[in-house]
Amino acid sequence: MTVLLKSLKKLRNKAEINEVIIPAYTCYSVASSIQNAGLKVRLCDVDPNTLSYNLTKLQNMPFANVLCIISANLYGIPNQLQEIEEIEEIASENGVYMIDDAAQSFNAKYLEREVGTFGSVGLYSFDKGKNITSIEGGGIITNNSELAEIIDSYYSKTLDNSIRDNLMTAIKVIIYYLFLNPLLYWIPASLPFLNLGKTRYEEIIEIKKYSRLVAPIALMQIKRSNQIAEKRIANGRWYKNNIVVSKTISKINESDHGMPVYLRYPIKITQKEKREAILTHAKRYGITKSYPKSLNLLIEIDKFLVNPGEFEGAEEISRQLITLPTYAFINNNDRENIKNIIEEMTA
Ligand SMILES: *Cc1c(COP(=O)(O)O)cnc(C)c1O
């Protein structure tokens, strides 16, 4: 993302165009990539019912210094009804680029079109916890050849991983896959060097070439990504069809035109104490809270945030959201257990 942002900046080639619009609730590393590219963050609030941009607010942003808008497509769910196209439209009307952030939604589609192919350029992540993972790495996709050349030239100048780094990454990949099982997941989760399930803001992003030792692992998965996605889709749909909405439990509105891949399945628990109880007692089932704060409340981004303030939608999401695991090892029993625990604890 940092390389991509630097490349867009170079392509635009205007000193005063240095702001990037991002949703006030998204992955922290999106904000830190902006910082690392020497750019500034402009936050836009999100709609707590869809987890996507509040479109009215997005339309009314001051675009004078904006370089690009970044989508989010969180949990493998394409940005809400019409929205992904509308973000594209708002970007082109205002003469700014759009990055379609598909880090969490490899294989998700919107009206037959792959998420990641909207806007000027798309981004996939093969980091830990993503649909396809080799612990590190990612991909950039664009049909803008001028941009592609700039990205290439940045990439060719970045450092190679050392042999030691490559081996360490390979070992991490092996541990990750050996224990990616609900009953054993606590083993890698308790190994601090894997940094699983933790969300912290990383101020400095070290940019290196994608490890040649682990890239084939991602490629292997890409080749069978439909099968990998199928399992996640089935698990996500099961939660969607079987978890009963109540005064305390609500689901996210999804687009009728979207084909989500459900990297995780998000639900909202509106009562604070009950949510806390679920997060404490059901941790071993892989239920997690996702990003603990909306970006406006992260002190680390203060120095490069151009519009501090309240972002009610994003703050509500960070207070209420929990996410359920969908990876291949989750079986019927696990899903039933997860559903029962949530329903019992919110009764
Ligand atoms: C993980 C993630 C990223 C960053 O990807 P990395 O490969 O970890 O740098 C960007 N955006 C979103 C929404 C993500 O979930």
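Keep in mind that this is a model prediction, so the values were computed, not measured.

*Asks:* Where do I start with the overall build of the chain in this structure?
*Replies:* A tally of helices and strands in the chain yields 12 helices and 12 strands. Here the C-alpha radius of gyration of the chain, 19 Å, is about what a compact globule of 347 residues would show, namely 20 Å. Taken across its 347 residues, the chain has 52% of its residues classed as buried.

*Asks:* Any chance you could explain the UniProt feature "modified residue: N6-(pyridoxal phosphate)lysine" (unreviewed entry) in the chain here in plain terms?
*Replies:* As annotated in UniProt, the feature "modified residue: N6-(pyridoxal phosphate)lysine" (unreviewed entry) corresponds to K130 in the numbering used here. Position of K130 relative to the elements: it lies in the loop between β7 (121-125) and β8 (138-142). The exposure class assigned to K130 is buried, which follows from its relative accessible area of 13%. Non-local contacts of K130, meaning those with residues more than four positions away in its chain, are made with A103, Q104, S125, R232 and L263.

*Asks:* What is the right way to look at the sheet that holds strand β3 (residues 66-70) in this model?
*Replies:* Sheet strands pair via backbone hydrogen bonds, and the direction of the pair is either parallel or antiparallel. Strand order in the open sheet formed by six strands is β2-β1-β3-β4-β7-β8, with mixed pairing between adjacent strands. With partners counted over all chains shown, the strands left at the sheet margins are β2 (40-44) and β8, one partner each. For this sheet, the mean angle separating the axes of adjacent strands, direction not counted, is 25 degrees. As judged from the three bridges shared by strand β1 (residues 19-23) and β3, these two strands associate in the parallel manner.

*Asks:* Could you clarify how one ought to interpret the sheet that holds strand β5 (residues 109-110) in this entry?
*Replies:* Read from one edge to the other, the open sheet built from three strands follows the order β6-β5-β10, with strand pairing classed as antiparallel. Here the strands that pair on one side only, and so sit at the sheet edges, are β6 (113-114) and β10 (258-259). With two bridges connecting them, β5 and β6 associate as antiparallel partners. Paired with Y110 across the strands is R113, a residue of β6.

*Asks:* So what exactly am I meant to see when it comes to the site of the ligand here?
*Replies:* By nearness alone, 13 residues border the ligand, and D101, Q104, S125, D127 and K130 come closest of all. Note that an oxygen atom of the ligand is positioned 3.2 Å from one of the side-chain N or O atoms of D127. The separation between an oxygen atom of the ligand and a polar side-chain atom of K130 is 2.7 Å. Here the ligand loses 82% of its free accessible area of 380 Å² to cover by the protein chains. Residues that form the shell around the ligand fall into these classes: five nonpolar, five polar and three charged.

*Asks:* Honestly, the nonpolar core in this entry has me stumped. Any pointers?
*Replies:* A general trend in soluble globular proteins is that nonpolar side chains are found buried together. Counting 48 residues, the largest nonpolar core has L5, L8, I22, Y25, C68, I70 and I99 as the members making the most contacts within it. Here this core gets five residues from one element, more than from any other, and that element is helix α1 (residues 2-12). If we ignore the near neighbours within four places in the chain, the residues touching L8 are L67, C68, Y97, I99, V121 and L147. Judged by nonpolar contacts, the second largest core, of 28 residues, contains I21, A108, Y110 and A229.

*Asks:* Explanation requested: unusual backbone geometry in the structure shown.
*Replies:* Excluding glycine, residues mostly carry a negative phi; peptide bonds, for their part, are mostly trans. The backbone phi angle of Y75 is positive, close to 60 degrees, even though this residue is not glycine. As for its position among the elements, Y75 is in the loop between β3 and α4 (83-93). Although it is not a glycine, E112 adopts a positive phi angle of roughly 70 degrees. Taking the relative accessible area as the measure of exposure, E112 reaches 72% and is therefore exposed.

*Asks:* Whenever I open this one, the side chain of S125 confuses me. Can you help?
*Replies:* Position of S125 relative to the elements: it lies in strand β7. Of the polar contacts made by the side chain of S125, one reaches the backbone nitrogen of D127; its length is 3.1 Å.

What counts, and at which threshold
Residues numbered from 1 in each chain as written. Predicted model: local features only at pLDDT ≥ 70, side-chain atom pairs only at ≥ 80, totals over all residues. Heavy atoms only, no water. Helix = DSSP H or I, 4+ residues; strand = E, 2+ residues; numbered from the N terminus. Rg over C-alpha atoms; globule rule 2.2 N^0.38 Å. Buried < 20%, exposed > 50% of the residue type's maximum accessible area, 1.4 Å probe, protein only. UniProt positions renumbered as here; feature names shortened; annotations may be inferred. Contact = heavy atoms within 4.5 Å. Pairing = 2+ DSSP bridges. Axes fitted to C-alpha atoms, helices over the stretch in contact; angles between N-to-C directions. Near = heavy atom within 4 Å. Polar contact = N/O pair within 3.5 Å; in protein donor to acceptor, adjacent residues only side chain to side chain. Areas by Shrake-Rupley, 256 points an atom, 1.4 Å probe, with all protein chains shown as cover. Nonpolar A, V, L, I, M, F, W, Y, C, P; charged D, E, K, R; others polar. Core = buried A, V, L, I, M, F, W, Y, C linked by side-chain atoms within 4.5 Å.

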